[in-house]
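Observations on the model geometry
Residue-level listing of the chains:
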Amino acid sequence: MIQDESIFSDRLVQDFNQRFGYPPEFMVSAPGRVNLIGEHTDYNDGYVFPVAIDKYLRIAASKRSDKEVHLYALDMDEECVFNLESIRDSKTPPWSNYLKGVAHFLQEEVLQGSEHTLNGITAVITGNVPIGAGLSSSAALEVASTLAFLGGCGLEIPYSSINTNNEIELLHSSPLELASICQRAENEFAGVNCGIMDPTISLLGKADHALFLDCRSLDYNHIPLNLTDILIVICNTNVKRELAASEYNKRRSECENGVKMIQQWMPSITSLRDVTVEDFKKYEEKLPEITQKRCRYVVEENNRVLKAVSALTANDLDTFGILMNASHAGLRYAYEVSCDELDLLTEIAQNIEGVIGARMTGAGFGGCTVNLVYQDAVEEFQNKVSNEYPKHTGIEPDTYICNAGDGARIKWLSNQ
């Protein structure tokens, strides 16, 4: 059974009961995430180092005897009904496409040829993962939906099978395969070109650990954080990331072009992941200036992730903080995906005693910074951010104090 019951909500059971007139059979919960270091490396087959945060997307659900899916988004006061036998993406409501995509790929790939079929479900959805902040509320919704649909099949998925690399009970599918389903749902139904990192950490998060993920092989390790008196503090610029999508695609293209150029001298490489810092120094002056900057950042960031993992393993938080700060500098000056507001929040944080490291996290051009802050410095941190940031931007920031939490969970209720 579940180790931590607090990620589920008795209120959600009441809301379900009130709306549908009977209690739910189970609840699922999936966390958002923040990436501590390793930004824009995932689509270059590189390394990332995210943590699941203790903010969750929750679904209370019951299986149905037909193929209809009845959804109610509590926080938006919106509902959606669709049939599993005729799934179509739709702009109304847009959040429903994440669930439709998950249902489609579960039927077409995971359950195809098995003894199990997808049943309809009735569900109420809520959560406290901030939307639009770059903390992967969409991945949390996809992962929670995946477990809800599998629960609707009558599969009593045990907690231990979700949080390890064991096969999911009766399905012979690993969590990484389910993460791939979630990624495809977002790519093909929601139209967002996301990577594999977000659903993977939502499925495989572990309290007090970060996930060192190799985005090429999908090998991973849980690395202890040892943050005894340190908190993860996330600051939201509350700037809309209007350029993020177009510039994201542009950076991907720039990196791909860089690989083609470097292949003149290193024909065996297939991505920037294959280029070491030493290799790059041999050839960087032969590249156009923009290509040189983009490639240098990715090569150095992959190296920073490896050094960060080694630093944490040695309990060297000072070095980890230095690497976080260097990561932001690279994102700002070489990869050029930061913005004035992200830079301001980072500069404020880096000048506060008790802040180990600070950097932007996510695609950039808005969104959030991630900061490691000693507990006794958090109040000063919040005061300085809330005073200094609006003074220069006219925008009120949001601050989320987080811990590294567990990944996705399912809880079967006694009324089942």
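Because the structure is predicted, anything quoted here is derived from the model rather than measured.

Some remarks on the packing of helix 9 (residues 289-313) against helix 10 (residues 317-333)
Running from N to C, helix 9 and helix 10 point in directions that differ by 165°, and their axes come no closer than 9 Å. In terms of orientation, helix 9 lies roughly antiparallel with respect to helix 10. Crossing of helix 9 against helix 10: the hand is left-handed. Note on element contacts: helix 10 touches helix 9 through L317, T319, F320, L323, A326, S327, G330, L331 and Y333, opposite K293, Y297, E301, R304, K307, A308, A311 and L312.

Digging into the pattern of salt bridges
The final tally for this structure, using the stated rule, is 26 salt bridges. The salt bridge involving R294 is made with E336; its shortest N-O contact spans 2.8 Å. Of the two residues, R294 is situated in helix 9 and E336 in the loop between helix 10 and helix 11 (340-350); the sequence distance between them amounts to 42 residues. For R294, a relative accessible area of 4% corresponds to the buried category. E301 serves as the salt-bridge partner of R359, at 3.8 Å between the closest nitrogen and oxygen. Of this pair, R359 sits in strand 9 (residues 355-361) while E301 sits in helix 9; the two residues are 58 residues apart in sequence, bridging distant segments of the chain. In this structure R359 comes out as buried when scored by relative accessible area, which is 0%.

Notes on the packing of helix 10 against helix 11
A pair of packed helices can be characterised by two numbers: the angle between their axes and the separation between those axes. It is at 12 Å that the axes of helix 10 and helix 11 come closest, and there the two elements cross at 155°. Here helix 10 lies roughly antiparallel to helix 11, going by the angle between them. When the axes of helix 10 and helix 11 are compared, the crossing they make is left-handed. In this structure, helix 10 contributes N325, H328 and R332 to the contact, and helix 11 contributes L342, D343, T346, E347 and Q350. Residues belonging to the contact of helix 10 with helix 11 are distributed by class as follows: one nonpolar, four polar and three charged.

Considering the pairing of strand 4 (residues 78-83)
Bridge count for strand 3 (residues 68-73) against strand 4 is six bridges, and the pairing is antiparallel. From the neighbouring strand, H70 faces strand 4, where its bridge partner is V81.

A few points about the side chain of E186
You can see E186 is positioned in helix 5 (residues 175-188). Beyond its immediate sequence surroundings of up to four residues, E186 is in contact with Y98, S138, A139, E142, G191, V192 and C194.

Quick notes on the packing of aromatic side chains
Following the criterion strictly, the structure yields ten aromatic pairs and no others. With 5.0 Å between their ring centres and 50° between their planes, F26 and W412 make a pair best called tilted. You can see F26 sitting in strand 1 (residues 26-37) and its partner W412 sitting in strand 12 (residues 409-412), a full 386 residues away along the chain. W412 shares its class with F26; the two are buried. Taking the centre distance of 6.2 Å and the plane angle of 55° together, the rings of F49 and F320 count as tilted. One end of the pair, F49, is in strand 2 (residues 47-63); the other, F320, is in helix 10, with 271 residues separating them in the sequence. Of the two residues examined, F49 and F320, each falls in the buried class. What links up through ring pairs into an aromatic cluster is the set F16, F20 and Y22. Here the basic side chain of R19 rests over the ring of Y72, its NZ or CZ set 3.6 Å away from the ring centre.

Calculation rules
Residues numbered from 1 in each chain as written. Predicted model: local features only at pLDDT ≥ 70, side-chain atom pairs only at ≥ 80, totals over all residues. Heavy atoms only, no water. Axes fitted to C-alpha atoms, helices over the stretch in contact; angles between N-to-C directions. Helix = DSSP H or I, 4+ residues; strand = E, 2+ residues; numbered from the N terminus. Parallel < 35°, antiparallel > 145°, perpendicular 65-115°, else oblique. Left-handed = near helix turned anticlockwise from the far one by under 90°. Contact = heavy atoms within 4.5 Å. Salt bridge = Lys/Arg side-chain N within 4 Å of Asp/Glu carboxyl O. Buried < 20%, exposed > 50% of the residue type's maximum accessible area, 1.4 Å probe, protein only. Nonpolar A, V, L, I, M, F, W, Y, C, P; charged D, E, K, R; others polar. Pairing = 2+ DSSP bridges. Phe/Tyr/Trp six-rings, centres within 6.5 Å; stacked < 30°, edge-to-face > 60°. Lys NZ or Arg CZ within 6 Å of the ring centre and 35° of its normal.

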